[in-house]
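Next come the chains, spelled out residue by residue.
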Amino acid sequence: MHYIIVAIFAGSLLSAFGYRRYSKAVFAGLVLTLLGIIGYLFQWLPDILQGERVVSTISWIPSLGIHFSFLLDGLSLFFALLITVFGLLILSYSHRYMAKSAERPAFIGYLLFFMGAMVGLVLSANLISLFLFWELTSFSSFLLIGFHHHNEAARRAARQSLLVTAGGGLALMAGFILLSIGTGGGYDIVQLLAQPKAMIDSPYLHAAILLIAIGAFTKSAQFPFHFWLPNAMAAPTPVSAFLHSATMVKAGVYLIFRLHPLFEGVLLWEYLLGITGAVTMTWGAFKAFRQDDIKRILAYTTISALGIFFMMTGVGGQEAINAVMVYVLAHALYKGALFLAAGNIDQQTGTRNISDLSDLARKMPYTAGAVILSTASMAGVIPFLGFVGKESLYHALYHHSQDMALLYLGLLFLAGAFFTAVTLEIILHAFLKKGTLRADPIKEAPFLMVLAPLLLAVLGLLTGLMPGLTVEPLLKWAAASLYPADPPTMQLKLWHGFNLVLLLSALTLVAGVVLYLWRKGIQRLRQPYWLKADYLYNQCLSATESLARFSTDTLQNGLLRNYIAIILLTFSVLLVFPLVEGRAAYAIPSDFLLRDLQIYEVVVLIFVTFAVIFLFKTRSRLVVTATFGIIGYSIALAYTVFSAPDVAITQFLAETLTLILLIIILHRLPSYTLKKPIARIKYLTVSLLFGAAMAVTAFVMLHQSKDSDLERFFLENSVSQGKGQNAVNVILVDFRALDTLGEITVLMITMIGIIGLLTLKPFSPKR
Amino acid sequence: MKTLILSTLLKVLTPLFIGFALYMFFRGHNNPGGGFIAGLIASIPFMLHAMVFGYEGTTRVFKIKPKLLASIGLLLALVSGLFSVFNGQPFMSPIWIEETVPLIGKIGTPIFFDLGVFLVVFGVVLQITFLLTEE
């Protein structure tokens, strides 16, 4: 199963480098690969439809329970098929759409890279590999949204989406870790799902839910993190169609579906998802109606639809999940078609604003057909799949026992009415109205660019006519994946007879017409600028920047001694807290000072004390250097006394080297500048605090870790496992070699920093 | 800083220090010593040399490129940990050759790691010295 992900990533690399020269061949190869992958996924369909699950695992970090393991069940197969089939259509569309662009190879490469990450995400059976792919989708969508990087708006949108989704990703990571701690079950999703009640009893339950929900909300553009999605419309149209209708924004939805069995029945989970989803749904639908740019309209309706998914998951229950699965598919079909059609319109007419468009039904008949079919599905007109989906949603909410269900139903009705109004506006104004574009020589888009949206729109019609035959089996098992204990219950029919739900559907359309007629009034409503999420995002960013500037100005003021004082002070404060907290554990023994004091220890003490006193008397840097040498060597002597030869040697050498280095640069240093008594007191305080903190820490550590397991482990195993008798060195180069590697890397970085500092020519303002 | 005593002494001290550094390096696994300490010791004669003869004088006599040495060291340390990965074990698991080599003892990836540490320490210290002695 992992080969399909490898294949997509390989295709991404190949197309990024080979597309320019062999575009036809590479394109054909990619199409064949994707067809092969789709075929491979379909080949599992009979097994999945028996309710089976396929798991394949590659070891990654076995000691931490982290693997590249993949799970194919109804849910992941449904999403994987959605992504690959859409990916194929979008690939063929972009092949044509980007035909004139010199950047096409990179574009196709990014697109496939994103697709590979997305397939990896939905197939992952390990939380960590899921997280990895999750971040890869954020990263690749950054590249895709910012594809027109010469455009300021695109750069800003890309940055924004990365900040929001990757920030949410951090929360998600923390949530996953809490989840694995809480269940004690590692990161394996299959194991987690096998014991769904394990998390309920954990003290981390609510924190985990909150963090995971934030991850899903940011990714799936839920209120109040929705603002990045409309801005991301700066991306090329195929990207919008792929990322923002079918796949990336559904990653969050997939995640909450996947984890729903773990959290079902927890009030926080139900209400958090339900209310956030309901707010997003209503707000998105309302905002969609106020836009003029077709892509922004579609973006807001997408936000609204995502809200529906979250709301229904929050409501819970198998019937609600059944309904939402149908709507996920319906939404992907109509929204993908609409985005691609919007791309056609944009490319052929040069504008996407509805107020500038007219007459398109005559000029671009096939695109118009796709738009009419898919908007009808969006509005929920019989007999499209959107109608089936909306009916199921209404039905599930109407019969649900949760106390919020009727409120949700009302809001869903409102959102549906807005969808209808948006549909009317698009069709009547852009396609049927006779207007300014009548005389323009606008042609229909090329074949491949018409094919993809038309195909999706017709699929929405066909599956709506025969939902039971076409999509029910897969959707049934996708929904059943959330309720592994119960048998699947989905039964899709176009016509349920005359009942209250049908009446609601009809009323939705009527209300939509009413809203459409009232559009002037709605579009006149003004939202105060300080309530716009985008404005608040900007405020957050500039606040962060001013904080950074403030801290840089105060902390890094150019005085080296100030830097050191701050570091020492921070360190001491951090040390003091745990020391004070655990003070009961280390009462000072009364005979502590008098025990076994040897003569050479006294000698070392006297050396150091006199050196320190002398240090305060002198004003010459040479004397200070020499005195420091005395202190350093005395400490090295102390190490020898306390039988730590390795440390002692290192200390002697480091002391020697420091002395040599100091002497080399001594004549270049300025004379003593610290003359004011107040400054001396300031630094003296910091030094005393630091010294005291270190002394107490050393004392506590000596009295605490008498029976440390580590000490025994290293001493016992250094010969047998590390093949050396010097345990210190074995620790350095074997047991804790990773730490050493980190340290020598830091050493290198320091060297690079010093090179930078010393070879830097002072900047002269006059050139 | 021309001092006759130090410059004469350096002719004797340099090989002595390097020999001692190598000795410290190889005994490190069983007795006090090791790559870090050996790196520091090995850099001392060159530091003194740079102190006496200056950057130009030292680089004319010893064709050392400390930056390069340090980079090679870091790479070596990293690569020594990668051997086990290709062997199917976690990163940085030690691999030992069974036979013992006279004078050196057992050979395994930790020795290369330690050599990497040696080179990094040696290179970094010398680089800093050279920068400071450069006029």
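Residues numbered from 1 in each chain as written. Chains lettered and ligands numbered in written order. Predicted model: local features only at pLDDT ≥ 70, side-chain atom pairs only at ≥ 80, totals over all residues. Heavy atoms only, no water.

Engineer: Can you help me understand the side chain of T627 of chain A in this one?
Structural biologist: Residue and element names in this part refer to chain A. Among the secondary structure elements, T627 is positioned in helix α28 (residues 621-641). With relative accessibility at 3%, the residue T627 sits in the buried group. When sequence neighbours within four positions are dropped, the list of residues in contact with T627 reads A611, F614 and L615. (Helix = DSSP H or I, 4+ residues; strand = E, 2+ residues; numbered from the N terminus. Buried < 20%, exposed > 50% of the residue type's maximum accessible area, 1.4 Å probe, protein only. Contact = heavy atoms within 4.5 Å.)

Engineer: When you look at the domain arrangement of chain A in this model, what are you seeing that I'm missing?
Structural biologist: Residue and element names in this part refer to chain A. With domains assigned, chain A is organised as domain 1 (149-528), domain 2 (529-555), domain 3 (560-707) and domain 4 (714-767). Inter-centroid distance (C-alpha atoms) of domain 1 to domain 2 is 32 Å. Counting residues at the interface gives ten residues for domain 1, matched by nine residues for domain 2. Taken over both partners, the interface formed by domain 1 and domain 2 buries close to 810 Å², and the fraction arising from carbon and sulfur atoms is 58%. The three residues of domain 1 that bury the most area against domain 2 are R156, Q527 and P528, which together make up 57% of that side's buried surface. If one sorts the elements of the side of domain 1 that touches domain 2 by residue count, helix α7 (residues 152-183) sits on top with four residues. Grouping the constituent residues of the side of domain 1 that touches domain 2 by class yields four nonpolar, four polar and two charged. (Domains from an automatic or database assignment. Buried area = accessible area lost by both parts, 1.4 Å probe. Nonpolar A, V, L, I, M, F, W, Y, C, P; charged D, E, K, R; others polar.)

Engineer: Explain the environment of D293 of chain A to me, please; I cannot follow it from the model alone.
Structural biologist: By the element assignment, D293 of chain A lies in the loop between α13 (267-289) and α14 (294-315). Among the polar contacts listed, one links the side chain of D293 of chain A to the backbone nitrogen of K295 of chain A, at a separation of 2.9 Å. (Polar contact = N/O pair within 3.5 Å; in protein donor to acceptor, adjacent residues only side chain to side chain.)

Engineer: Help me understand a nonpolar patch on the surface, please; the structure alone is not making it clear to me.
Structural biologist: Where nonpolar side chains cluster on the molecular surface, the patch consists of L738 of chain A together with L75, L78, V79, L82, F83, V85, F86 and F91 of chain B and spans about 830 Å² of accessible area. At seven residues, the largest contribution of residues to the nonpolar patch is made by helix α3 (residues 66-86) of chain B. Along the chain, V79 of chain B falls in helix α3. (Patch = residues over 30% accessible without salt bridge, like charges linked within 9 Å, V, L, I, M, F, W, Y side chains within 5 Å. Areas by Shrake-Rupley, 256 points an atom, 1.4 Å probe, with all protein chains shown as cover. Salt bridge = Lys/Arg side-chain N within 4 Å of Asp/Glu carboxyl O.)

Engineer: Mind showing me how you'd approach the interface of chain B and chain A here?
Structural biologist: As a measure of interface size, the accessible area lost when the parts come together is often cited. Counting residues at the interface gives 46 residues for chain B and 37 residues for chain A. Across the chain B to chain A interface the summed buried area is about 3,700 Å²; carbon plus sulfur atoms make up 81%. Summed over the shared surface of chain B and chain A, the result is zero salt bridges. For the pair chain B and chain A, the interface holds zero residue pairs in polar contact (both at pLDDT 80 or more).

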